[in-house]
Structure formats: structure tokens, C-alpha cells
Amino acid sequence: MALKCGIVGLPNVGKSTLFNCLSNAKAQSANFPFCTIEPNVGVISVPDDRLTKLVEMCNPRSTVPATVEIVDIAGLVKGASKGEGLGNKFLANIRETDAILHVLRCFDDDNITHVDTTVDPVRDMEVINYELQLKDLETVDARLAKTLKAAKTGGDKTAKLQAAVLQAYKEALEQGKPARSVRFETKDEQKFARELFLLTDKPVLYVCNVDDSAAASGNAYVERVREAISGEDSDLLVVAAKTESDIAELDTWEERKEFLQEIGLEESGVSRLIRAAYSLLDLQTYFTAGPDEVRAWTFLRGTKAPQAAGIIHTDFEKGFIRAEVIKYGDFVSLGSETAVKEAGKMAVEGKEYVVQDGDIMHFRFNV
């Protein structure tokens, strides 16, 4: 699927280091602002123990994991909404993403320059959020002026609905709240709201970049961020980007596991972040499994069976007849598709079936 997360933050907070760990791409990482000018894009495999288990059971000739697309975007500075630094390019690149991974510096290091000289992740967060809100307010004000005129002069019902949506956004933004804090009741309102592509309407995950000693438990900086976002509809994840970079250089899985255990982690921050990004985009996974291939297929939460089939091939959706569905837990506990069928655990579902995360699917179609 074409959905993607953008990594944003002030210069020198660890965005490109983190991106390199995620994608193994070689984004330039240097101790000065704007070292990442063009957005770097990485297509990253999503860690999934279920896929690993299915491969063990089916021993297929090929394996295809689910993926998520991550974009590393140039660092933003105060005044970006007015074009300061690389502001206009930065904001345009954010607009093209579907969710935001907002990296905050939560570590002290005299060797790494901070654009505001001191480390204060809450201040840094507010700088970026303020710039995004200013740009959204500019967008809303420009659209509202035209829409109000149409609503008054022509009695246009659609214009009146749009004006109400824009006014609700304007009030929230002027109060320093993100657009995503506004909820709309009707489908028409929700549709128009989506079409505005407001920057602060995108879901956000705050990524607190800490040093090695705080990788497992966080630190005082992290707690300040946690408190600051407590009223937001957003989550927080603690990652030590430099530590993750060291882990990535180890040759074997055993070495990596031992390293993680030494710093008190069961799993790398990169794996947790990839899954969090996948979830942030509201993505889920269904599987196809057999001796030829075990594959994870990505779909949007709430997708019905014919549309899920269409992800494999458009003919599957056009000629959809039914879906044969096995729950992952049943497949693992019973040991094979044959055993599942014999136990009466395979369901036959029609066009209205909403695919669930972890379903093992087989589609019947006729074109």
C-alpha cells in the first residue's frame, strides 16, 4: 500500500540516524542543520512473529513480509511556516505523508550542537507543532473566506457545511490545538475534512531519542514529554538511536540479542518503532500460506473481503465469490490447513466480511 510515515523534528535530534537504522539506507547524517535536504524514502519490512511461525510450519519456497514506507524529512526551524530555513519544502514533504513520527532529542551530549543551545524536548515539540498549526491556520483562513462568500450569496448547502467544518478547525487552531482534536459527526463533514489535508490532522507518534543508559526506562526528559502530550490523541515511544545504530552493525542475531539484554531490552527499538508506524497508519495484516509462498498482505483496518482480495489482484475483487478464512491461532494449534478443515474451524465468508488482523485467507473468484 502507498501509505507512508514521515520522520520530522528539529535539526540534529537524530532523525537521519534513526532512519538509517530503520531502512539501512545511507541518508547523510552529520552534525549540522539541513544535512537531509531531499526526503529519503525507505521501504521497511514489518517484524511479525506470526509470519515467522507460518514459515516454520509451511516451509515455503519464498516468504514476503509486510512493509511500511518511511520518509526522512529535512529538519525544521522556527519560522518554517513563513519560509525560514527549508520551511516550505519541509511542509510540502509532510503534506505528502499520512502520519508523522516526531523525533525529540531527550539526551545530553556536548558534542552534538542543538539549534537552541539547550536540550528541551517539550520546547522543541512546541516549536514544530506551532509551525504546523500556523500553516494549517493559513490554509483554513484562505479557504474559509471563499467558502463564507459562497454560503451567503448563493445559499449553497454544501458551502455552508464546508464553512462549519472550516470554522471548527479555525477555532481549534487559534486555541493552539491540532486539527486532529476536532471530531465531525456526518460522513459529508468527515469527507471534506480529509480533503483539506491539514498537517496537524495527521496521526502523530512522538519518538523520544535517548542515550544508552535510558534506552530501557526512559529519563526525566521523556517524562516531561509524556506529561506535555497527556491531553493529545497521540502516543510516545522511547528509542536510543545511537544504540540502535550500534546494534545494526552486529553480524549475528545472537550478538544483537545479547547486546539488548545487556541494556535491559527484550526487543530493539527499531522493531517496536516499525510496528508502531504500521499501527499509526491504521494498517493490519492478513496472510496467505502454502508450500509455494507465505506472504503478509497489508490492508486498512475495516477492509471487507472483496477489497482485501483486490490487494492481491484486481480480478480477485471483480470476480469475488467467497473467502475461506482460518484464524491464525487455529492454524498454529491444529498444525495444518487440513486439520483445521477437519475440525470445522475454517469459515466461509461473503462480501460483507470485515477482514481481521492475522486472518489466513484463501479467495475464490471467477472472472
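Here the structure is shown first, and the text comes after it.
Residues numbered from 1 in each chain as written. Predicted model: local features only at pLDDT ≥ 70, side-chain atom pairs only at ≥ 80, totals over all residues. Heavy atoms only, no water.

Student: How should I be thinking about the sheet that holds strand β7 (residues 235-239) in this particular structure?
Tutor: Two pairing modes exist for strands in a sheet, parallel and antiparallel, and in both the strands are linked by backbone hydrogen bonds. The strand order across the open sheet formed by 6 strands is β2-β4-β1-β5-β6-β7, and the pairing between neighbours is mixed. Edge positions in the sheet fall to β2 (40-45) and β7, since each has one partner strand and no second. The mean inter-strand angle of the sheet, taken between neighbouring strand axes irrespective of direction, is 25°. Those strands touched by helix α7 (residues 220-228) are β5 (99-105), β6 (204-209) and β7, and its axis lies near 170° from that of β7. (Pairing = 2+ DSSP bridges. Helix = DSSP H or I, 4+ residues; strand = E, 2+ residues; numbered from the N terminus. Axes fitted to C-alpha atoms, helices over the stretch in contact; angles between N-to-C directions. Contact = heavy atoms within 4.5 Å.)

Student: Whenever I open this one, the packing of aromatic side chains confuses me. Can you help?
Tutor: What describes a pair of aromatic rings is the distance from one ring centre to the other and the angle between the planes of the rings. Scanning all chains against the criterion turns up 6 aromatic pairs. Pairing Tyr 169 with Phe 184 gives two aromatic rings, centres 5.3 Å apart and planes at 80°, and the pair type is edge-to-face. Of this pair, Tyr 169 sits in helix α5 (residues 157-174) while Phe 184 sits in the loop between α5 and α6 (187-195), and the two are 15 residues apart along the sequence. Judged by centre distance (5.9 Å) and plane angle (40°), the rings of Tyr 286 and Phe 299 are tilted. Placement of the pair is Tyr 286 in strand β8 (residues 283-289) and Phe 299 in strand β9 (residues 293-300), with a sequence separation of 13 residues. Grouping residues by exposure puts Tyr 286 and Phe 299 together as buried. In this arrangement the basic side chain of Arg 295 is found over the ring face of Trp 297, its NZ or CZ atom lying 4.1 Å from the centre. (Phe/Tyr/Trp six-rings, centres within 6.5 Å; stacked < 30°, edge-to-face > 60°. Buried < 20%, exposed > 50% of the residue type's maximum accessible area, 1.4 Å probe, protein only. Lys NZ or Arg CZ within 6 Å of the ring centre and 35° of its normal.)

Student: How should helix α2 (residues 49-58) be read in this particular structure?
Tutor: Residues that lie three or four places apart on an α-helix share one face, since the helix turns once every 3.6 residues. Taken residue by residue, α2 has Arg 50, Leu 51, Leu 54 and Cys 58 as its buried positions. With its buried residues spanning 100° around the axis, α2 presents them on a single face. In α2, the exposed positions that point more than 90 degrees away from the buried face belong to Asp 49 and Glu 56. Buried residues along α2 sit against β3 (62-64), β8, β9, α13 (328-334) and β12 (360-365). (Arc of directions from axis to C-beta.)

Student: Quick question: what am I supposed to make of the pattern of salt bridges here?
Tutor: Tallied over the full model, the rule gives 21 salt bridges. Linking Asp 141 and Lys 170 is a salt bridge whose minimum nitrogen-to-oxygen distance equals 2.8 Å. You can see Asp 141 sitting in helix α4 (residues 121-154) and its partner Lys 170 sitting in helix α5, a full 29 residues away along the chain. Looking at Asp 141, the relative accessible area reads 31%, which means it is partly exposed. The closest approach of N and O atoms between Glu 293 and Arg 295, which form a salt bridge, is 4.0 Å. Residue class for Glu 293 comes out partly exposed when judged on its relative accessible area of 27%. The exposure class assigned to Arg 295 is partly exposed, which follows from its relative accessible area of 26%. One network of salt bridges, in which partners are shared, links Asp 48, Arg 50 and Asp 357. (Salt bridge = Lys/Arg side-chain N within 4 Å of Asp/Glu carboxyl O.)

Student: Help me understand α7 in this model?
Tutor: Turning to α7, its buried residues number three or more, namely Tyr 221, Val 222 and Val 225. Relative to the axis of α7, the buried residues are bounded by an arc of 100° and lie together on one face. In this structure, α7 carries Ala 220 and Glu 227 as exposed residues pointing more than 90 degrees from its buried face. Measuring from the backbone nitrogen of Tyr 221 back to the side-chain oxygen at the start of α7 gives 3.1 Å, which picks out Asn 219 as the cap. (Polar contact = N/O pair within 3.5 Å; in protein donor to acceptor, adjacent residues only side chain to side chain.)

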